[in-house]
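Now for the letters of each chain:
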Amino acid sequence: MKIEAETYITVQFFDLDPMNVVWHGNYIKYLETARCDLLAKIGYDYTDMARDCVAYPVATMDLKFMKPCKFNQKLKVISSLEEIEPCLIIKYTIFDAQTNEKMFKAKSMQICVDTKTQESYYSAPKGLKEKLACCNI
């Protein structure tokens, strides 16, 4: 079973570039918002990670810009947790919330790191595994 979350975003004026479309760097902000919603749905967010003395910095991101997003456009971001070991793999798709047209897709890979030693872990923390035990991820 794959865990998914839906996040809704309205494109703000300050997200635009001189061509009046969303500046490419702001898509990363949208993905982070969606990732936070996904982690909240799982019940294992950044506060829980801090309690477990782990962090999940982004190691790689694959981005595909399909259509430009524009001012005041309503977006739906679907984020899905694909893997938890040896790293978190999360896929994202951004749609126009009204037409369901696909605008953008991405994938992030995040490595689990011990916040005290900065060493990488290749297994998920116990707290995350417990939250996902029912989901077969």
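Residues numbered from 1 in each chain as written. Predicted model: local features only at pLDDT ≥ 70, side-chain atom pairs only at ≥ 80, totals over all residues. Heavy atoms only, no water.

K.L.:
Could you clarify how one ought to interpret the packing of aromatic side chains in this entry?
P.N.:
To describe a pair of aromatic rings, one takes the distance between the centres and the angle between the planes. Counted under the stated rule, the structure contains five aromatic pairs. Aromatic pair Tyr 27 and Phe 65: ring centres 5.1 Å apart, planes at 90°, arrangement edge-to-face. Here the residue Tyr 27 occupies a position in helix H1 (residues 26–42), and Phe 65 occupies one in strand S3 (residues 58–65), the gap between them amounting to 38 residues. Residue Phe 65 is classed as partly exposed on the basis of its relative accessible area, which comes to 42%. Between the aromatic rings of Phe 65 and Phe 104, the centroid separation amounts to 5.0 Å while the plane-to-plane angle is 65°, which identifies the pairing as edge-to-face. Taken as a pair, Phe 65 in strand S3 and Phe 104 in strand S6 (residues 102–110) lie far apart in primary sequence, 39 residues in all. Three or more aromatic residues joined by ring pairs form one cluster here, namely Tyr 27, Tyr 30, Phe 65 and Phe 104. The ring of Phe 95 carries the charged tip of Lys 76 above its face, separated from the ring centre by 5.6 Å. (Phe/Tyr/Trp six-rings, centres within 6.5 Å; stacked < 30°, edge-to-face > 60°. Helix = DSSP H or I, 4+ residues; strand = E, 2+ residues; numbered from the N terminus. Buried < 20%, exposed > 50% of the residue type's maximum accessible area, 1.4 Å probe, protein only. Lys NZ or Arg CZ within 6 Å of the ring centre and 35° of its normal.)

K.L.:
Even after reading the chapter, I still don't get unusual backbone geometry, so can you show me in this structure?
P.N.:
Apart from glycine, the bulk of residues carry a negative phi angle, and the bulk of peptide bonds sit in the trans form. Note that the residue after Glu 85, namely Pro 86, is joined by a cis bond; omega there is 5°. You can see Pro 86 is positioned in the loop between strand S4 (74–83) and strand S5 (88–96). One non-glycine residue, Asn 20, lies in the positive phi region at around 65°. Position of Asn 20 among the secondary structure elements: in the loop between strand S1 (3–10) and H1. A positive phi angle, near 70°, is found at Asn 72, a position not held by glycine.

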